[in-house]
Each structure stands twice: as structure tokens, then as C-alpha cells.
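Close look at the chain arrangement
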Amino acid sequence: MRYHIWTLGCQMNVADTQRLASELERLGHHAAGPGDADILVINTCVVRQSAEDKAYGRLRELAQIKRDDPGKVIGLMGCLVGVRDPLRLREKLPQVDVFLPPSDPAPMVAFLSERAAEGEARAQDAAARAARDHLQDFADEAPGAILLPEGERGMLVSAHVPVVYGCSHACTFCIIPYRRGVEQSRPVGEIVGHVRSLARQGVREVTLLGQIVDRYGKDVPDGPDLSALLRLVHDAAEQEGIQRIRFLTSHPNWMTNELLDTVAELPRVMPQIEVPVQAGSDEVLARMRRGYTVAQYRELIARIRARIPGVAIHCDVIVGFPGETDAQFQETYDLLAELKLDKVHLARYSPRPHTVSARTMPDDVPAEEKKRRHAALEALQEQVVAAINREYLGQTVEVLVEDQVKGKWRGRTPQNKLVFFSDDSRDWRGQLAQVQVTWTGPWSMQARLAGAERQALEHRVLDERRDPG
Ligand code: SF4
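Residues numbered from 1 in each chain as written. Predicted model: local features only at pLDDT ≥ 70, side-chain atom pairs only at ≥ 80, totals over all residues. Heavy atoms only, no water.

**What about the side chain of Arg352?**
Tracing the backbone through its elements, the reader meets Arg352 in the loop between β13 (343-348) and α13 (356-360). For Arg352, a relative accessible area of 1% gives the class buried. A polar contact of 2.9 Å, which involves the side chain of Arg352, links it to the side chain of Gln49. Setting aside residues up to four positions removed in sequence, Arg352 forms contacts with Val46, Val47, Arg48, Gln49, Glu52, Phe173, Ile175 and Ala358. (Helix = DSSP H or I, 4+ residues; strand = E, 2+ residues; numbered from the N terminus. Buried < 20%, exposed > 50% of the residue type's maximum accessible area, 1.4 Å probe, protein only. Polar contact = N/O pair within 3.5 Å; in protein donor to acceptor, adjacent residues only side chain to side chain. Contact = heavy atoms within 4.5 Å.)

**A look at the sheet that holds strand β14 (residues 396-405)**
Remark on secondary structure: sheet strands pair via backbone hydrogen bonds, oriented parallel or antiparallel. As summarised here, the arrangement of the five strands in space is β14-β15-β16-β18-β17, forming a closed barrel in which the pairing is mixed. With strand direction ignored, the average angle separating the axes of adjacent strands in the sheet is 55 degrees. (Pairing = 2+ DSSP bridges. Axes fitted to C-alpha atoms, helices over the stretch in contact; angles between N-to-C directions.)

**Structural notes on the sheet that holds strand β4 (residues 73-78)**
Ordered in space as β2-β1-β3-β4-β5, the five strands form an open sheet in which the pairing is parallel. A strand with exactly one partner marks an edge of an open sheet, and here the two such strands are β2 (30-31) and β5 (98-100). Here two bridges tie strand β1 (residues 2-7) to β2, and the two strands are oriented parallel to one another. When the sheet's bridge partners are listed, Arg2 is paired in β2 with His30.

**Brief notes about the pattern of salt bridges**
For the structure shown, the criterion picks out 24 salt bridges. Between Arg180 and Asp16 there is a salt bridge, with its nearest N and O atoms 3.1 Å apart. Within this pair, whereas Arg180 is found in helix α6 (residues 176-180), its partner Asp16 is found in helix α1 (residues 11-26), the two being separated by 164 residues in sequence. Relative accessible area serves as the criterion here: at 2%, Asp16 is assigned to the buried category. Salt-bridge contacts for Glu183 lead to Arg215; the nearest nitrogen and oxygen are separated by 2.6 Å. Of this pair, Glu183 sits in the loop between α6 and β8 (184-185) while Arg215 is found in the loop between β9 (205-209) and α8 (226-240), placing the two residues 32 residues apart along the sequence. On the accessibility criterion, Glu183 (10% relative accessible area) is buried. (Salt bridge = Lys/Arg side-chain N within 4 Å of Asp/Glu carboxyl O.)

**Things to note about the pairing of β9**
The element β9 is largely enclosed, with a buried count of five among its five residues. As paired elements, strand β6 (residues 158-162) and β9 share five bridges and run parallel to each other. Bridge assignment links His160 to a residue of β9, and that residue is Thr207. Inspection of the sheet shows β9 paired to strand β10 (residues 244-248) by five bridges, in the parallel sense. Bridge pairing links Glu205 to Arg244 in β10. For the segment spanning β9, α8 and β10, crossover handedness is right-handed. (Right-handed = clockwise from strand over helix to strand, strands pointing away.)

**Observations concerning the confidence of the model for the protein chain**
A low pLDDT means the predicted coordinates there should not be read in detail. Put simply, the protein chain has an average pLDDT of 93, and 92% of its residues get 70 or more. Low confidence marks residues 134-139, where pLDDT is under 50. Its contacts with residues over four positions away, or in another chain, come to 16 contacts. (pLDDT = per-residue confidence, 0-100.)

**Concerning helix α7 (residues 188-199)**
End to end, α7 covers 17 Å across twelve residues, agreeing with the expected 16 Å (1.5 Å per residue, within 8%). Among the residues of α7, those classed as buried are Ile191, Val192, Gly193, His194, Val195, Ser197, Leu198 and Ala199. As for α7, its buried residues are in contact with α1, β6, β9 and α8. (Expected span 1.5 Å × (residues − 1).)

**Some thoughts on a negative patch on the surface**
Side chains of Asp282, Glu283, Glu331 and Asp334 sit close together on the surface and give a patch of like negative charge. The set of elements that each furnish at least two residues to the negative patch consists of α10 (282-288) and α12 (326-339). Assessed through its relative accessible area of 43%, Glu283 is described here as partly exposed. (Patch = residues over 30% accessible without salt bridge, like charges linked within 9 Å, V, L, I, M, F, W, Y side chains within 5 Å. Areas by Shrake-Rupley, 256 points an atom, 1.4 Å probe, with all protein chains shown as cover. Lys, Arg positive; Asp, Glu negative; His and termini not counted. Charge placed at Lys NZ, Arg CZ, Asp CG, Glu CD.)

**Re the layout of surface pockets**
By volume, the largest pocket amounts to about 1,000 Å³. Contributing to the lining of the largest pocket are 42 residues, with Val47, Ile176, Gln211, Thr249 and Asp316 lying nearest its centre. Every element with two or more residues in the lining of the largest pocket is listed here: α1, α6, β12 (312-319) and β13. Broken down by element, the lining of the largest pocket gets its largest block of residues, four residues, from β13. Residue composition of the lining of the largest pocket, grouped by class: 22 nonpolar, 13 polar and seven charged. The space that makes up the second largest pocket amounts to roughly 700 Å³. (1 Å grid on protein atoms, 1.4 Å probe; cavity = no way out; pocket = protein on both sides within 12 Å on 5 of 7 lines; lining within 4 Å. Points joined across faces, edges and corners; volume = space filled by probe spheres on them. Nonpolar A, V, L, I, M, F, W, Y, C, P; charged D, E, K, R; others polar.)

**What about the site of the ligand?**
Lining the immediate surroundings of the ligand are Cys167, His169, Cys171, Phe173, Cys174, Ile176, Pro177, Gln211, Ile212 and Arg290. Most atoms of the ligand, that is more than half of them, are within 2 Å of grid points of the largest pocket. (Near = heavy atom within 4 Å. Sits in = over half its atoms within 2 Å of the grid points.)

**Digging into the environment of Pro34**
Mapped onto the fold, Pro34 is located in the loop between β2 and β3 (39-44). The partly exposed category is assigned to Pro34, whose relative accessible area is 38%. C-alpha separation for the pair Pro34 and Gln296, spaced 262 residues apart in sequence, amounts to 48 Å. With sequence-adjacent residues up to four places away left out, Pro34 is seen in contact with His4, Trp6 and Leu40.

In C-alpha cells form, the structure reads like this:
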């Protein structure tokens, strides 16, 4: 059978979709467009009302598809399902055959296996054997190994690897602990097996994921922490040809100096830190139950910059949290203007079911005012990042090339800055290119090949001119 998975939401959902696709590939099913697929899955996000509305929109379409062809298999996955029994959803969504909790493909595997007629089971076994062989000399298939869909093997350059599932924090606005459960670290062997399997299918960059990735191993007595995990993944990366390692999302309370020093020491771990602040006012942070103050966040940013040379810092901010006054918003604005961070993911507060803020705090900042505050921070960040990127003009940077867009190669610097350059002398996908920055804007940069590659290119052009034959 052929399958299609729609993925909404965060990087963790992208990784969960990849895990489900891998299980389907092992069963001998193959990826296809939505129009050709027999198995249709939507992987959902509910972090804001708009994301949940999008999921229900797709579910209405799937109801019609199911009416037209009852043989189709419809799956619903992710945070709309959550970790609790989706009894209420089953009644509400009769078009759905299989409900999959976040990060758990097992119900779909069980459903398809049960459904498979004897004949098909034999076909599955043969396909599964073929799929296993593809993983080259993985003795008996390492735990955690992933099998990419055919179309991504040798094409996908950057992939996500979950290391901690769920979250045991209780920020008052956040629905994640209710839908993904308490934090659970993945065994090291599974993570390393996952990384190796990706490398053998052409992936050259991995991003380790967790809601609070710095809490890796905290739920395992004497378990390795994130620093130790980074060292083990770094070893595997050196052996398997993974060029770059990133991790997200951090939390100010769990970023140790040891972790920062490990990032600075390991050459394949990139100088980029993702650590949300959420607000620039201590009163708002207290009502969010984030567990730190603005002064502590400011001190952390200084520590990160002191310990990791050339580091880029990304963060998240929510505007319009219940009770946020103009003055408190101005504190957020002033903090971002002061810290000059490389990227700020902005969100407008959206009350989520069952969260403390939705139950106990009126959503009293008008939608128009949330919009104004969001736009003000967006405009500020555009100026801040434009100024940061201008510093790169004329510099030679190393770019890991991800793909080609409109004839230009697209890649990222170690600081995760987007760079485009032109060259038709070779296929740069998955390669590291030395390029010289020729133009900068707030969201991307243009460049040209630098150094030896540039000279080689110029010689080739001259040779061709001399001897067009
Ligand atoms: S740290 Fe807070 S915001 Fe992040 S996932 Fe956990 S509860 Fe949600």
C-alpha cells in the first residue's frame, strides 16, 4: 500500500512522522502523494488554537474521502490525540481508523498487520527483509534505526532525532505536558543507532530534540546527561560522516557551564543555542511559572556568549499573556533590543484547554493589541538581525548545503544562518562549501564560492573560453 502523512507543528512532530514512515516502509508500504495514498495520516499540533483548527479542517476532508472509499485507512496522530485514551475523539471522529499518541507508531503497525490477509503477510515479510538489507551492515539492525522513505534516501541532508519525550515542567500556558506526558529520556543506544542509520542514508546533520533537551538523562538514575550524550553522538558522527550536530530546545534553568563548554569543545557540535525567554517582565515570568527572572536570563546569555565563540542564540517570546500591561510588554521589547538575539520565534498568547492559565487567568489582552505587540517585536527583530548579518559581509563562511532552490544552492552556516550561492560545476547537496558573503538581509544571505573552489571554478571558465571545443 501507499501512504501519505501530513505533518503539522514542531520539529518533534517531524521526527515522529519520520518514525511512523520508517515503520510503514519496513512493512513494505511506500510514500505517495495524498491523491494516490491508501493510508492517510495527519500528525497534529494543538499548541495554539489555529493549529488545532487546521487539524479539524483536514479531518473534515478525510471524512469525505472515507465516505467515497471506505477501504482507505485514516490515521490521526500527535498532540490532538495525546497520551490519554482518545475515547471522546473516537466518538467525535468516526472516519478515523487508528489513533496514534505522539511519538508512538505502534497502533498503526498493529492495525495494518491485523488487517493484512495471510497472503499479504508473506509479501510484507519479503518487503521487510528487503528493507532490512538496505541498512547495510547493521548487525541485526541497531535499536532506534530509522528507514527513510525511498525519495529521501541520499536526498535528506538534515534530520531530527528525539532524545527526550514529554515534559515535566508546568508552565501555566503550555499544553504539552498534558498531551505528551512527563519527560522520558530515550536510551543512549537507541539515539546512537538512530543517528548511524540516518548517516548511512545520506544525512549529514542531526538535531537532537527535547522539550527541555538539557534535562536529558535526569529521569534515569546515574544516566548520562546531555553533555555525555553529545560526546557519544559526536563519536558516531565522526565514524559515520555526520558533519553537524545541533540540539533544541533548552531551558534557562538547566543550561550548565559543563554543557556550554562541551558545545565549545566538540567541533561537530554547532555554536547555536535555542533558549526561550518567553517574556521580559519578572511579573509575567512568575505568572507563567517559568522559574527564572529576567536578570538570570540576561546572565545566562552573557555566560553562553563568553563560553561559546561566535555563538548564535535563538529564543521564543509569547506576547499578550493574561494581564500583560503595556509597561510589561515594553520590558520585553527593551530586553530584546538589549540582548540582540539572532532569532526570536514570536507567538501570541492562545489559551489552551486544561492549562493553568486557561483555567485561572482571563485572556484579557485584546486580539488587536496582541497583533500590535507581535508586529512591534517583529519589526525590532528585523533591524537587530539585519545588523548582526551585516557583520558577515565579505566574510568566508562554511555552509552545509541542503538543497537547490530556483537554481541556487541553499545551505546554512554553523550559526544556522541561511545562505544561497550559485555553482553548476558539481552537486553540492550534503557537502560543506566555503563561500564568501556578498549580500546580507535579515532572513538570508547571498554568497559566491570562495578560496580554492572559486579559483578552480575561474580556471575552468578560462579554460572553456580558451578552448570552447
Ligand atoms: S518547558 Fe514549559 S513551555 Fe516548554 S514544553 Fe515544558 S511546559 Fe511547555
